[in-house]
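Breakdown of the fold
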Amino acid sequence: MERAAAVLVGVVGLVLLTAAALAWSWTGEVNDGGGVEVLALQAGAPPGPAAGPQPSAEDLMALVRPATTVPAPSTSAAPAPAGTTPAVTAAPLPVPPEVAAIVAEISGGGIRFDVGHAELDERARGLLDRLAPLLVGRPDVVVAVRGHTDSTGSDEVNRVLSAQRAQAVATYLVARGVGPAQVQAAGVGPAEPVADNATPDGRELNRRSDVVVDGGSS
């Protein structure tokens, strides 16, 4: 009886030792590779020790770290430096059609001169009387007056005479209120004929004054 009791105690002790060993082994596996076991189970792999090096806590956290959104580059223009004013270029105003019409009439032979003279005749004064108030109302419009001669006479005489013819027109306009800065006068002598200087009619057409507006002939 005593022997049977001793055997029973021995068996119970062996069972207890085996259970303790199993418990210790299971605890070690969970502590050492618990995270890997959980991931393996989620992926459908059979449970058991993970092969290879175990990931760190930082590696596991990187799996759930939210993505960083990169802001789109701004397309707005950079602001101007403080204290500066952006440059603004204004488009030139168009020449009034009334001015263009009178200038075309003048340059078509409206202002002519007698041989050797620079005095304005009645027709010339009438045209300039119509042009002057229009220029007064548009101080931004600049006109250039060019005096001409025929080919008779010396170059020096023609140069001086053509300048006088241009100046006669400019002086008349300024006397009627046009700003001096709006009128420019120059003589070109016989260099720019509009007709044949070999005939009296051609020479008469060449003794003239033209008007140019904004750098272009009307």
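Calculation notes
- Within any chain, residue numbers begin from 1 and follow the written order of that chain's sequence.
- The predicted origin of the model limits local features to residues at a pLDDT of at least 70 and limits the giving and counting of side-chain atom pairs to 80 or more, whereas totals for whole chains, interfaces and linings rest on all residues.
- Calculation of side-chain values draws on the structure's entire complement of heavy atoms; hydrogens and water are dropped beforehand.
- Only DSSP runs of H or I covering at least 4 residues are called helices, and only runs of E covering at least 2 are called strands; the numbering of each starts at the N terminus.
- Any two residues having at least one pair of non-hydrogen atoms within 4.5 Å are treated as being in contact.
- Here, nonpolar core means buried Ala, Val, Leu, Ile, Met, Phe, Trp, Tyr and Cys residues that are tied together by side-chain atoms lying within 4.5 Å of each other.
- Only protein chains enter the accessibility calculation, which uses a 1.4 Å probe; a residue is then buried when its area is under 20% of its type maximum, exposed when over 50%, and partly exposed in between.
- Expected span of a helix: the number of residues minus one, times 1.5 Å.
- Here a polar contact is recorded for every N or O atom pair within 3.5 Å, except that within protein the pair must consist of a potential hydrogen donor and a potential acceptor, and residues adjacent in sequence are included only if both atoms are side-chain atoms.
- The predictor rates its confidence in each residue with pLDDT, a number between 0 and 100.
- In this description, a line fitted to the C-alpha atoms serves as the axis of each element, helices being fitted only across the stretch in contact, and the angle between N-to-C directions of two axes falls anywhere from 0 to 180 degrees.
- By definition in this entry, angles of less than 35 degrees are roughly parallel, angles greater than 145 are roughly antiparallel, angles of 65 to 115 are roughly perpendicular, and the rest are oblique.
- Should the near helix be turned anticlockwise from the far one by less than a right angle, the crossing is left-handed, and should it be turned clockwise, the crossing is right-handed.
- In the scheme used here, Gly and all other residues not listed as nonpolar or charged are polar, with Ala, Val, Leu, Ile, Met, Phe, Trp, Tyr, Cys and Pro taken as nonpolar and Asp, Glu, Lys and Arg as charged.
- Ring pairs shown here join Phe, Tyr and Trp side chains whose ring centres sit within 6.5 Å, with only the six-membered ring taken for Trp; geometry is labelled stacked below 30 degrees between planes, edge-to-face above 60, and tilted in between.
- When the NZ atom of lysine or the CZ atom of arginine is within 6 Å of a ring's centre and also within 35 degrees of its normal, the charge is said to sit over that ring.
- For this count, His and the chain ends are skipped, Lys and Arg are scored as positive, and Asp and Glu as negative.
- Salt bridges are defined as contacts in which a side-chain nitrogen from Lys or Arg sits within 4 Å of a carboxyl oxygen from Asp or Glu.

**Let's talk about the overall build of the protein**
Helix and strand counts for the protein come out as six helices and four strands. Starting at the N terminus and ending at the C terminus, the protein contains elements arranged as α-α-α-α-β-α-β-α-β-β. A sequence separation of at least 24 residues applies to 69% of the contacts in the protein between residues at least 6 apart.

**Thoughts on the nonpolar core**
Ranked by internal contacts, the top residues of the largest apolar core, which has 26 residues, are Ile-106, Ile-111, Leu-120, Leu-128, Leu-131, Leu-135 and Leu-173. Only α3 (97-110), α4 (122-137), β1 (143-147), α5 (155-175) and β3 (209-213) provide two or more residues apiece to this core.

**Focus on α4**
Helical geometry note: an α-helix holds 3.6 residues per turn, so side chains three or four residues apart project in the same direction. Helix length check: α4 (16 residues) gives 24 Å between terminal C-alpha atoms against 22 Å at 1.5 Å per residue, within 8%. Of the residues making up α4, those classed as buried are Ala-124, Leu-127, Leu-128, Leu-131, Ala-132 and Leu-135. In this structure, the buried residues of α4 make contact with α3, β1 and α5. Two to three positions downstream of the cap, the backbone nitrogen of Arg-123 sits 3.3 Å from a side-chain oxygen, assigning the N-cap of α4 to Asp-121.

**Regarding the confidence of the model for the protein**
For the protein, mean pLDDT is 75; residues scoring 70 or higher make up 56% of the total. Within the protein, the lowest mean pLDDT, 38, falls on strand β4 (residues 216-217), and the highest, 98, falls on α5. Confidence drops under a pLDDT of 50 for residues 24-51, and excluding neighbours within four residues, the segment shows 11 contacts in the predicted structure. This stretch, residues 60-73, has a pLDDT under 50; its non-local contacts, to residues over four places away or in other chains, come to three contacts.

**Observations regarding the packing of α3 against α4**
Orientation of α3 relative to α4, taken along the N-to-C sense of each, is 155 degrees, at an axis distance of 10 Å. Taken together, the axes of α3 and α4 lie roughly antiparallel to each other. As α3 runs across α4, the sense of the crossing is left-handed. Mapping the contact onto sequence places Glu-98, Val-99, Ile-102, Val-103, Glu-105, Ile-106, Gly-109 and Gly-110 in α3 and Arg-123, Ala-124, Leu-127, Leu-128, Arg-130, Leu-131, Leu-134 and Leu-135 in α4. Per-class residue counts for the contact of α3 with α4 are 10 nonpolar, two polar and four charged.

**Some words on the packing of aromatic side chains**
By the definition in use, this model includes zero aromatic pairs. Looking at Arg-176, its charged tip hangs above the ring of Tyr-172, at a distance of 3.5 Å from the centre.

**So, the side chain of Arg-165**
Structurally, Arg-165 can be placed in helix α5. Buried charge without a salt bridge: Arg-165, with Asp-150 as the nearest opposite-charge side chain at an N-O distance of 6.4 Å. In contact with Arg-165, other than residues within four places in its own chain, are Phe-113, Asp-114, Val-115, Gly-116, His-117, Ala-118, Gly-147, His-148, Thr-149, Arg-207 and Ser-209.

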